[in-house]
Amino acid sequence: MPEATEHYVQAPAMTTTPLAFAVRRREPVLVGPAAPTPRETKRLSDIDDQETLRGHVPFLFLYRGGGGARADDGRDPASAVRRALGEALVPYYPLAGRLREVEARKLVVDCTGEGVMFVEADADVRLAELEAASSGELRPPFPCMDQLLFDVDGSGGVLNCPLLLIQVTRLLCGGFVLALRLNHTICDAIGLAQFMSATAELARGLPAPTVAPAWSRELLEARSPPRPSFPHREFDAVPGNVSVPRWAAGAMPAAADMITRTFTFGPADVSTIKSGLPPHLRKTATTFETLTAALWRARTAALEVPADEEVRAVSIVGFRGVPELVLPAGYYGNACVPVAAVTTAGPLLAGSLGAAVELVRETKAAVTAEYVRSTVDLLVLRRRPCVALGNLFLVSDNRHAGFHRVDFGWGEPVYGGPAATLFGPSFLVHVGDDGGAGDGKGMGKVGVLIVLPRPAMERFASEVETLLKS
């Protein structure tokens with residue numbers, strides 16, 4: 001790493017209890033493939049380049065120090081990650097390229113080998129201090145993300161910019177933080193986890209990644225001519241006088257106006273919520289269906305949406321397992337579609353939790369091969385629209401992507417997954433084992449990232465408390 005002027009910044013802790021620490025960063029560098037790679041242009045799929053995905057999303061991984069022989073061998077995590085990144089970018093060489101648009105705003109990646117952006121840093125804080133300041137459980141929000149993931153000038157655009165920005169920050173205790181920002185058009189959560197797992201395997205000394213990457217984006221191109229066969233309400237403008245968030249019009253609200261919280265639900269909490277369902281759903285409803293339906297109702301009540309306004313719960317449903325689409329193992333592009341459950345606020349709140357669960361369940365069942373092809377066709381016909389934002393509760397389940405298993409040689413992360421969200425979208429994340437057996441093999445807790453205006457957040461928390469006492 002070349003020497004550079006170090007930047008000292010006092011940053012608040014990523015917790016609710018005040019804590020300040022200095023972060024010293026070296027100058028950012030580009031890490032390219034460690035060996036020659038093809039110089040070519042590759043088209044993204046018509047799922048990849050929709051407007052909804054044209055942006056960057058942050059993720060964070062927190063690692064302890066002193067976790068065993070591998071962590072005590074004097075290795076430097078920043079050096080290990082940087083070396084492994086270069087090796088991983090050989091098979092994953094499109095990630096080292098740059099995006100540009102061609103006809104009809106179609107995105108292609110120029111495989112230039114320029115590399116991903118990498119920042120090395122040190123922070124004068126221990127992981128135990130961060131845990132103590134967050135009541136013992138590290139989870140979003142992370143208010144110091146602007147220091148643990150420094151926004152390098154010129155790196156944040158969708159076109160002609162690095163597809164990944166990665167910062168490794170060493171902590172005083174020997175632990176470290178790996179934060180990254182992903183251009184969402186190139187990967188979904190599973191694709192990113194696959195790349196990070198490959199990098200981690202190489203950092204641990206494996207000769208090659210366990211899973212070989214597959215491009216195959218042509219399998220998700222629109223038909224000619226495009227012929228959508230489903231209504232796809234998730235892309236339709238919401239009629240009437242709806243509560244469209246201010247940021248949807250291009251102006252992000254001030255930080256003081258919005259609150260981010262992660263609500264944690266253990267297995268017992270999920271069982272309590274399910275106790276309010278009819279017997280057949282109590283046995284068959286998944287955690288995703290149950291929490292999405294229950295929190296959709298709580299959020300609608302907290303926002304005080306008028307009874308006659310349309311509200312939507314949009315599930316992000318993966319389709320890697322749909323055999324007719326023949327996506328190969330190792331596919332790391334976007335392989336999920338949004339599907340909307342639609343009703344109005346009055347019936348949603350007056351009806352039963354079971355009725356809301358059924359609505360959410362129907363969205364998941366809708367995703368067949370034909371539904372996916374219909375989505376792709378509609379995206380192309382309508383010039384790659386964004387999911388409609390009015391009265392939107394969009395839920396993406398990241399628990400099974402594999403982020404919490406990414407081991408660079410220092411053990412699995414204390415937390416691994418999305419670092420932030422916005423008003424409207426929400427993530428389900430893995431936030432630790434349930435601890436019942438004390439052996440780290442519990443079912444795990446579910447964290448749900450929520451962003452709401454401050455008064456609505458207070459009402460939402462009250463709704464959740466009531467839900468868990470039902």
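Refer to the structure printed above.
Residues numbered from 1 in each chain as written. Predicted model: local features only at pLDDT ≥ 70, side-chain atom pairs only at ≥ 80, totals over all residues. Heavy atoms only, no water.

1. Section: the overall build of the chain
1) Next: On a plain count of helices and strands, the chain comes out with 11 helices and 17 strands.
2) Next: Taking all 470 residues of the chain together, the buried fraction comes to 54%.
3) Next: In the chain, 79% of the contacts between residues at least 6 apart in sequence involve partners at least 24 apart.
4) Next: For the chain, the accessible surface area stands at approximately 18,800 Å², while carbon and sulfur atoms represent 55% of it. (Helix = DSSP H or I, 4+ residues; strand = E, 2+ residues; numbered from the N terminus. Buried < 20%, exposed > 50% of the residue type's maximum accessible area, 1.4 Å probe, protein only. Contact = heavy atoms within 4.5 Å. Areas by Shrake-Rupley, 256 points an atom, 1.4 Å probe, with all protein chains shown as cover.)

2. Observations regarding the pairing of strand β5 (residues 56-63)
1) Next: The element β5 is largely enclosed, with a buried count of six among its eight residues.
2) Next: Taken together, the four bridges between β5 and strand β15 (residues 415-418) define a ladder with antiparallel strand orientation. Directly across from L60, in β15, lies its bridge partner G417. (Pairing = 2+ DSSP bridges.)

3. Brief notes about the sheet that holds strand β6 (residues 98-101)
1) Next: The antiparallel open sheet is built from three strands, whose spatial order is β4-β7-β6. The open sheet has two edge strands with one neighbour each: β4 (41-43) and β6. Averaged over all pairs of adjacent strands, the angle between their axes in this sheet comes to 35°, without regard to strand direction.
2) Next: Where β4 meets strand β7 (residues 107-110), three bridges bridge the pair, whose relative direction is antiparallel. The partner of T41 across the bridge, within β7, is D110. (Axes fitted to C-alpha atoms, helices over the stretch in contact; angles between N-to-C directions.)

4. Focus: the side chain of R399
1) Next: Note on placement: R399 falls in the loop between β14 (392-397) and β15.
2) Next: Within polar-contact distance, the side chain of R399 engages the side chain of D397 at 2.7 Å. (Polar contact = N/O pair within 3.5 Å; in protein donor to acceptor, adjacent residues only side chain to side chain.)

5. Observations concerning helix α7 (residues 287-302)
1) Next: The terminal C-alpha atoms of α7 lie 22 Å apart, and with 16 residues this matches the ideal 22 Å at 1.5 Å per residue to within 8%.
2) Next: Among the 16 residues that make up α7, 14 are buried, leaving the element largely enclosed by the rest of the structure.
3) Next: Positive backbone phi, at 55°, marks E304, one or two positions downstream of α7. (Expected span 1.5 Å × (residues − 1).)

6. Some words on the sheet that holds strand β13 (residues 336-344)
1) Next: Read from one edge to the other, the open sheet built from six strands follows the order β11-β17-β16-β14-β12-β13, with strand pairing classed as mixed. Two strands in the sheet have a free side with no partner beyond their single neighbour: β11 (258-265) and β13. With strand direction ignored, the average angle separating the axes of adjacent strands in the sheet is 25°.
2) Next: Where β11 and strand β17 (residues 446-453) come together, eight bridges link them in antiparallel fashion. Within β17, the residue paired with R261 across the bridge is I450.
3) Next: In the packing of α7 onto the sheet, the strands contacted are β11, β12 (310-318), β13, β14, β16 (425-430) and β17, and the crossing angle to β14 comes to about 155°.

Purely geometric numbers; function is a separate question.
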